[in-house]
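Next come the chains, spelled out residue by residue.
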Amino acid sequence: MTCCVPVPGYPDDAEQRVEADDKALMNLARKLGDGARQLEFAVPDAHCAACIRTIETSLKKLPQVETARVNLSKRRVRVVFDPARGAPSEIAPAIKASGYHTYLVETDADAAGDPALWELVRALAVAGFAAGNIMLFSVSIWSGANDATRDLFHWISAFIALPAIAYAGRPFFRSAWRALRVGRTNMDVPISIGVTLATLLSIYETAVSGEHAYFDASTSLLFFLLIGRTLDHLMRERARNAITNLARLAPPGATQIKADGSREFVALNEVRPGMVLDLKPGERVPVDATVLNGSSAMDYSIVSGETVPHDVAPGAEIMAGAMNLWGSLNIRAERASTDSFLARMADMMEAAEGARTRQRRVADRAASVYAPVVHTLAATTFLAWGLVTGDWHAAITNAVAVLIITCPCALALAVPIVHVVAAGKLFAHGILMKDGAALERAAEIDRVAFDKTGTLTRGRPVLVAQSGTLSAALDMAAALAAASTHPLSRALVIALGHRDTVAAEIVERPGQGIEAQANGVLWRLGSAGWCGVADRHDVVGTQVWLTRDGEPLAWFRFADIPRDDANTAIASLKKLGLRISLISGDRSDAVAALASEVGIADYSAGLLPADKVAAVGGLGNAMMVGDGINDAPALRAAHVSMAPASAADIGRSAADFVFTGEQLAAVPFVIRTARQAASIVNQNLAIAIGYNAIAVPLAVSGMVTPLIAAIAMSSSSLIVVLNALRLRWEGRTRVPKPRRSAPLAEPMPGIAE
Amino acid sequence: MSGLVVLIPIAIFLGVLALVSFLWALRNGQYEDLEGASQRILNDDDSPE
């Protein structure tokens, strides 16, 4: 079922909760007049009639909600509310209470949706109407209508065709004009010239009661071309929409603590060096800063790829993007947001982009050869006929016939239709493709570079081994862990499940562990040193101990384990003839262990973002697969790039493909699909050239009538489209679908509250 | 020939009618959420909105 396309991958739950802040919500809401405001929330799990009903009914129970409407295609709900009758912060909890994840997304800039798409659809409707009706008259003419009847039909055709072409041709004329003005040609230039000349000639023929008019050819040409263009646009729009659904909208900012102790929200770009900020557990560091007081640990996994959290104490420097794991901190901003780590990564991304924009798309390369050839051919036909026969009327007719017959209908459809079919196939497997050019580049790669944390691995620690089966001890461990937001605690809660809570006062000791006093017994869950147990350095991963009054009861071992199918995905990439490398910012022992586990011989550790850019920018064309902020420049610098949906926003926006499933099989699948697509594109181009090789000599020799032109054009377009559709069926059974909504299978810490 | 005088206007009128109703539906937001529309029919709402 198409409605069950997975779009999982929620941003981490501990991100800033805008949904709870009335003031921020009012600023983000769109004013509708009459005091009503409108907000949009993403509801990625909604997929059926019952979902619509549940969400809408629960929202309409709120007094402030005037209308609530779920858009199932976009997986969003649009809520119109009256702030005078209730707080906007109650809306998101109401959706959550009905059982759906939700978060705020940016309201569409335009209420009517996507204006460019509707313009294309309207043009398509007009062109379709005109082509259909004119074809009716043309068929009558071809079947023998003559004299006055033929003239009448020509005139009616002209009256339909002229406004229709003027309206439906605008997307092509505009684009052709833009290209010509800067001295370039694209596919739209020959299209515009062909359509315009054919129409002008037909008007002349009609006026002098001529035999042949090409109104049907010019309108059906526009119709076919608009189909390709509309599909192409739809494909991109769908990917863009799915990607914005992944991004949680957080008005970036920080809470400033003023000299008099009062607190105020400041927007990110107003944070100045020297400001004192409050950083709560679960929040990300807004700008590069220094810790003033408090102690905590920072999760750098998305910043540098390190899995082991850093303990921080007053005086420690922390980087923008790191997540504060537990203690409440006061920090002093050291740099403005424009100089912070995130901004530096964005600058590096821009610098890395140059190489890629020089690459031209297959269709444009074809057009740059095609247009001059076609125009030379038409001009030669015109001059040759005129000079040889002296019949300038026949000369211009035949020259226009050449332009029409070579009008790159098949050529203009040959590439986009394949990309559209490929994008649909990828989408059905939970992979979002940003545009067709990425698919062309993905077919050209010869090596793949992986990031470690969060890409090859799950990016969060998982309980891999434990000792002790004493139920009471496990209960206590789960209860202690449930009180903490530390990644190891979360992993422990996921592994042990929610147990009966134990009445005890629980205290968290940053950098050490958690302790509780219950019935005169002191329980501790934490690092070996703190628990008074000799640390064992021979084990891989991080170990946590549980002690009762200093007596060790159990240990738990955690590691950031590879994704389920990392081995098979790597193996199938090797089978595709690609070289694989692992580039990570993490410590070298962790990287080496993982590399040998998944079978990658070529690895490098401790890389800085710039090193990663250098690593993918070397010889050959590399695909970069990564998720962290530190990967973003490399994602942009690589020939083509891929990111999991769980990636940092900046990484997701830098990547060409985003895969939403949990499985790495998406990577070989994209490459295989891209290669199939490339070979079908080549076949289609060959078909288009073959068609021209047959039709052009006929046109040059003056044997093409409007009837032949219509048949030739439609059949070549059809063949190209049918050939593209083959991609849908190719290799269908070989790749398993990603498990749907895999992240949902585990209890998400923080949702349960 | 006299038949054409009647039939052609009728044919074109019908075509224009179809075009206009499509454009109306487009403007009216009928194509905003095709997936939702196909599911909503399963919801048994007796009260018209």
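Residues numbered from 1 in each chain as written. Chains lettered and ligands numbered in written order. Predicted model: local features only at pLDDT ≥ 70, side-chain atom pairs only at ≥ 80, totals over all residues.

Helix and strand content of chain B: two helices and zero strands. Across the 49 residues in chain B, those meeting the buried criterion constitute 6%. (Helix = DSSP H or I, 4+ residues; strand = E, 2+ residues; numbered from the N terminus. Buried ≥ 20, exposed ≤ 12 C-beta atoms within 10 Å, placed from the backbone.)

Of regular secondary structure, chain A possesses 24 helices and 27 strands. The burial tally for chain A puts 48% of its 753 residues in the buried class. Long-range contacts, defined here as pairs at least 24 residues apart, represent 69% of the contacts in chain A between residues at least 6 apart. (Contact = placed C-beta atoms within 7 Å.)

Not every positive phi belongs to a glycine, and Ser209 of chain A is a case in point at roughly 55°. Summarising the element assignment, Ser209 of chain A is placed in the loop between α7 (188-207) and α8 (215-246).

This part takes up the environment of Ser296 of chain A. Note that Ser296 of chain A resides in strand β10 (residues 296-299). Ser296 of chain A sits 32 residues away from Ser328 of chain A along the chain, and the two C-alpha atoms are 7.3 Å apart.

Residue and element names in this part refer to chain A. In contact at an axis separation of 8 Å, helix α15 (residues 471-482) and helix α16 (residues 487-496) are set at 135° when each is read in the N-to-C sense. One element, α15, and the other, α16, form an angle in the oblique class. Helix-helix and strand crossings are classified by hand; for α15 and α16 the assignment is left-handed. For the pair α15 and α16, contact is made by Leu474, Ala477, Ala478, Ala481 and Ala482 and by Ser489, Leu492, Val493 and Leu496, respectively. A breakdown of the residues in the contact of α15 with α16 according to their chemical character gives eight nonpolar, one polar and no charged. (Axes fitted to C-alpha atoms, helices over the stretch in contact; angles between N-to-C directions. Parallel < 35°, antiparallel > 145°, perpendicular 65-115°, else oblique. Left-handed = near helix turned anticlockwise from the far one by under 90°. Nonpolar A, V, L, I, M, F, W, Y, C, P; charged D, E, K, R; others polar.)

Let us now look at α15 of chain A. Between its terminal C-alpha atoms α15 of chain A stretches 16 Å, which fits the 16 Å expected from 12 residues at 1.5 Å a residue. Along α15 of chain A, the residues classified as buried are Leu474, Met476, Ala477, Ala478, Ala479, Leu480, Ala481 and Ala482 of chain A. (Expected span 1.5 Å × (residues − 1).)

Take the interface of chain B and chain A next. The interface is formed by 17 residues belonging to chain B together with 20 residues belonging to chain A. Where the side of chain B that touches chain A is concerned, the elements lending two or more residues are α1 (2-27) and α2 (34-40) of chain B. Of the residues that constitute the side of chain B that touches chain A, the class distribution is nine nonpolar, four polar and four charged.

Here the focus is the pairing of strand β21 (residues 542-548) of chain A. Residues and elements named next belong to chain A. Counting buried residues along β21, five of its seven residues qualify, which places the element largely inside the surrounding structure. By the bridge criterion, seven bridges tie β21 to strand β22 (residues 551-559) in an arrangement that is antiparallel. Paired with Val544 across the bridge in β22 is Phe556. The turn linking β21 back onto β22 is made up of two residues, and Asp549 within it adopts a positive phi angle of 50°. (Pairing = 2+ DSSP bridges.)

Taking 1.5 Å per residue, 15 residues should reach 21 Å; helix α11 (residues 392-406) of chain A reaches 21 Å between its end C-alpha atoms and fits that length. Buried within α11 of chain A are the following residues: Ala395, Thr397, Asn398, Ala399, Val400, Ala401, Val402, Leu403, Ile404, Ile405 and Thr406 of chain A.

Residues and elements named next belong to chain A. With antiparallel pairing, the six strands of this open sheet are ordered in space as β17-β22-β21-β20-β19-β18. Every interior strand has two partners, whereas the edge strands, β17 (462-466) and β18 (505-509), have only one. Mean inter-strand twist for the sheet, computed between neighbouring axes without regard to direction, equals 20°. Bridging between β17 and β22 involves four bridges; their strand directions are antiparallel. If you follow Leu463 over to β22, its bridge partner there is Phe558. Along the sheet face, α15 touches β18, β19 (513-518), β20 (521-526), β21 and β22 and points at about 65° away from the line of β20. Across the sheet, α16 is in contact with β17, β21 and β22; its angle to β17 comes to roughly 70°.

So, on to the nonpolar core. Residue and element names in this part refer to chain A. In this structure, Ala127 and Val670 are the most contacted members of the largest nonpolar core, which totals 178 residues. The greatest single-element share of this core, amounting to 15 residues, is contributed by helix α23 (residues 666-700). When residues no more than four places from it in sequence are discounted, the contact partners of Val670 are Leu426, Ile431, Ala442, Met642 and Phe657. (Core = buried A, V, L, I, M, F, W, Y, C linked by C-beta atoms within 7 Å.)

Attention now goes to the sheet that holds strand β16 (residues 447-450) of chain A. The strands that make up a sheet pair up through hydrogen bonds in the backbone, lying either parallel or antiparallel. All names here are of chain A. Taken in spatial order, the seven strands line up as β15-β27-β26-β25-β16-β23-β24 in an open sheet, and their pairing is mixed. Each edge of the open sheet is held by one strand with a lone partner, namely β15 (431-433) and β24 (602-604). Each strand of the sheet is rotated relative to its neighbour by a mean of 20°, with strand direction disregarded. Relative to strand β27 (residues 657-659), β15 runs antiparallel, the two sharing three bridges. Bridge pairing in β27 places Ile431 opposite Phe659.

Let us look at the packing of α23 of chain A against helix α24 (residues 706-729) of chain A. Residue and element names in this part refer to chain A. Interaxial distance between α23 and α24 falls to 9 Å at its minimum, and their mutual angle equals 165°. If you check the angle between α23 and α24, you find them roughly antiparallel. In this structure, the crossing between α23 and α24 has a hand that is right-handed. The segment α23 lies against α24, with Gln676, Ala677, Ile680, Gln683, Asn684, Ile687, Ala688, Tyr691 and Ala695 engaging Ala712, Ser716, Ile719, Val720, Asn723, Ala724, Arg726 and Leu727. Counted by class, the contact of α23 with α24 contains 11 nonpolar, five polar and one charged residues.

What follows concerns the environment of Cys531 of chain A. All names here are of chain A. With respect to the element layout, Cys531 can be found in helix α17 (residues 528-531). Considered as a pair, Cys531 and Glu551 are 20 residues apart in the sequence and their alpha carbons are 8.5 Å apart. Ignoring sequence-local partners within four residues, the contact set of Cys531 consists of Gly513, Arg524, Gly526, Trp545, Thr547 and Pro552.

Okay, the environment of Ile650 of chain A next. Residues and elements named next belong to chain A. Considering the arrangement of structural elements, one finds Ile650 in helix α22 (residues 649-654). Judged by the 23 C-beta atoms lying within 10 Å of it, Ile650 is buried. Note: C-alpha distance between Ile650 and Asp627 (23 residues apart in sequence) is 8.9 Å. Excluding residues that lie within four positions of it along the chain, Ile650 makes contacts with Leu342, Met345, Ala346, Ile629 and Ala632.

Looking now at the confidence of the model for chain A. Residues and elements named next belong to chain A. Residues with a pLDDT of 70 or more make up 87% of chain A, whose mean pLDDT is 79. Here helix α9 (residues 341-358) is the element of chain A with the lowest mean pLDDT, 67, and helix α5 (residues 147-168) is the one with the highest, 91. Here residues 1-16 is a poorly scored stretch, pLDDT under 50, and it has 45 contacts once near neighbours within four places are set aside; other chains count. Within the model, the stretch residues 733-753 combines pLDDT values under 50 with 34 contacts to residues more than four positions away or in other chains. (pLDDT = per-residue confidence, 0-100.)

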